[in-house]
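Topology and contacts: notes
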Amino acid sequence: MTSKRITTVLGQLGLTQVRYVSPVRPSAAQGLVGRVYEQVEREFGVLAPSLVLFSPAPQVLAASWLMLRETLLVARKVERAAKEAVATTVSLGNACPWCVTVHSTMLSGLAGGLVLADYPAEPVADPRLRAVTTWARDCRTEEGALLHVPACSAEEAPELIGTAVLFHYYNRMVNVFLTEVPLPPGAPRMALGPVMRILDRRMRPAAGRWHQPGTSLELLPAAPVPRGISWASGDPVTEDAFARGCAAVDAAGARSVPPSVRDLVLTELEDWHGELRGPSRAWADSAVSALPQADQPAGRLALLTALASSQVDRSVVQMFRASRPGDSTLVELTAWASLAAARRIGTWIPRGQRASG
């Protein structure tokens, strides 16, 4: 089978893993979606379901890709293996099995067979990877982040903190929209090994290539640097990518999230320091009870996505879609809530001082 044919088959299989929305098929991708798909296939190695799920909302798709590309793929001060270790560790903490499977496989290929998904950070032999995995694990909470003062150098902060923030965003969206493992629904679990070997052969060569910083920025217009991403200062490309991406997702939130729900989520996040919510959804039901009746399904979905994404199930989505049936609205609301939570986490991760001279 040719390389192009393998990529096409993988892309089609990826579509079947997306729940609740109908993603844009590669053969039908035009305009902004088509441009993003082309970049993703070329630079990521495969049209990943974790990106395809955003396609009903083209601006959010572009935002999610350019933040991913300029943070994870483009290596400046931090090697890709360290960033994959951060991605895997954050995904473990967020109980996101799809992301754990994909990024632990990538890490294993880049780091000599390290299987981070099966072990805590301490047994990792490589001191560099052990340090970043311990850091990423602890920084899930504000209390844990303060154990690492200074956590990482100012020179590395845009890539390390950026990767952590990015995967707190992606994990939430993946938990809502994708199946637990990178397999089509109904496929036997024994197929996971062969599928991941094929994906690794597609993705690892792309991971080993040098990527020109900033080439995805033209997908979205320039925007002011928002509050809460001071960790990106000193790296103009990462800062620009998050400014453009956050602006696009904020605009999506203004379109698709009722003002009362935005206010509720932001208020809840101000008092949140990374603690787990649940295991029941009673806390969310209590929080949304003060909202207008018509906004409560949106409030429940947004709160759960932000603070307990693994608790989102079909019933929560169906209640929301009863009055807001569009695919783009569903993607925009959950993306806004996910990024709001991720940005909150970024505010409590400390960084060191920039070296003088």
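Everything in this summary refers to the structure shown in the same document. This is a predicted model, so every value here is computed, not measured.

1. Considering the packing of aromatic side chains
- The final tally for this structure, using the stated rule, is 7 aromatic pairs.
- Taking 6.4 Å as the distance between ring centres and 70 degrees as the angle between the ring planes, the aromatic pair formed by Tyr20 and Phe177 counts as edge-to-face. Taken together, the positions of Tyr20 in the loop between α1 (3–15) and α2 (31–44) and Phe177 in helix α9 (residues 157–177) put the pair 157 residues apart, joining distant regions of the chain. There is no split in this pair, since Tyr20 and Phe177 are both buried.
- Among the aromatic residues, those joined into a cluster by ring pairs are Phe54, Phe167, Tyr169 and Tyr170.
- The side chain of Arg277 reaches across the aromatic face of Trp283, ending 5.0 Å from its centre.

2. A closer look at the side chain of Glu43
- Locating Glu43 in the fold gives a position in helix α2.
- Given a relative accessible area of 7%, Glu43 falls into the buried group.
- Within polar-contact distance, the side chain of Glu43 engages the side chain of Arg69 at 2.9 Å.

3. Comments concerning the environment of Thr334
- Topologically, Thr334 is positioned in helix α16 (residues 327–347).
- Assessed through its relative accessible area of 0%, Thr334 is described here as buried.
- Linking Thr334 and Ala191, residues 143 residues apart in sequence, is a C-alpha distance of 30 Å.
- Not counting the four nearest positions on each side in its chain, Thr334 is found in contact with Met173, Phe177, Leu301 and Thr305.
- There is a polar contact of 2.8 Å between the side chain of Thr334 and the backbone oxygen of Leu330.
- In terms of polar contacts, Thr334 uses its side chain to reach the backbone carbonyl oxygen of Val331, at 3.1 Å.

4. So, helix α7 (residues 127–138)
- Compared with the 16 Å implied by 1.5 Å per residue over 12 residues, the 16 Å span of α7 between its first and last C-alpha is a close match.
- Within α7, burial applies to Leu129, Val132, Thr133, Thr134, Trp135, Ala136 and Asp138.
- Next to the buried residues of α7 lie α5 (80–93), α8 (142–145) and α9.
- Capping the start of α7, Asp126 holds a side-chain oxygen 2.9 Å from the backbone nitrogen of Arg128, two or three residues further along.

5. A look at the layout of surface pockets
- Here the largest pocket is characterised by a volume of approximately 480 Å³.
- Lining the largest pocket we find 13 residues, and of these Arg227, Leu266, Ala340, Arg343 and Arg344 sit closest to its centre.
- Elements represented by at least two residues in the lining of the largest pocket include exactly α11 (236–256), α12 (259–270) and α16.
- A total of 6 residues in the lining of the largest pocket trace back to one element, the largest contributor, which is α16.

6. Concerning helix α14 (residues 296–307)
- Relative to the 16 Å expected for 12 residues at 1.5 Å per residue, α14 spans 16 Å between its end C-alpha atoms, a close match to the ideal helical length.
- Among the 12 residues in α14, 12 count as buried, and that is most of the element.
- Considered for burial, the residues of α14 that qualify are Gln296, Pro297, Ala298, Gly299, Arg300, Leu301, Ala302, Leu303, Leu304, Thr305, Ala306 and Leu307.
- Turning to α14, the residues buried within the fold contact α9, α12, α13 (282–288), α15 (314–321) and α16.

The rules we used
Residues numbered from 1 in each chain as written. Predicted model: local features only at pLDDT ≥ 70, side-chain atom pairs only at ≥ 80, totals over all residues. Heavy atoms only, no water. Phe/Tyr/Trp six-rings, centres within 6.5 Å; stacked < 30°, edge-to-face > 60°. Helix = DSSP H or I, 4+ residues; strand = E, 2+ residues; numbered from the N terminus. Buried < 20%, exposed > 50% of the residue type's maximum accessible area, 1.4 Å probe, protein only. Lys NZ or Arg CZ within 6 Å of the ring centre and 35° of its normal. Polar contact = N/O pair within 3.5 Å; in protein donor to acceptor, adjacent residues only side chain to side chain. Contact = heavy atoms within 4.5 Å. Expected span 1.5 Å × (residues − 1). 1 Å grid on protein atoms, 1.4 Å probe; cavity = no way out; pocket = protein on both sides within 12 Å on 5 of 7 lines; lining within 4 Å. Points joined across faces, edges and corners; volume = space filled by probe spheres on them.

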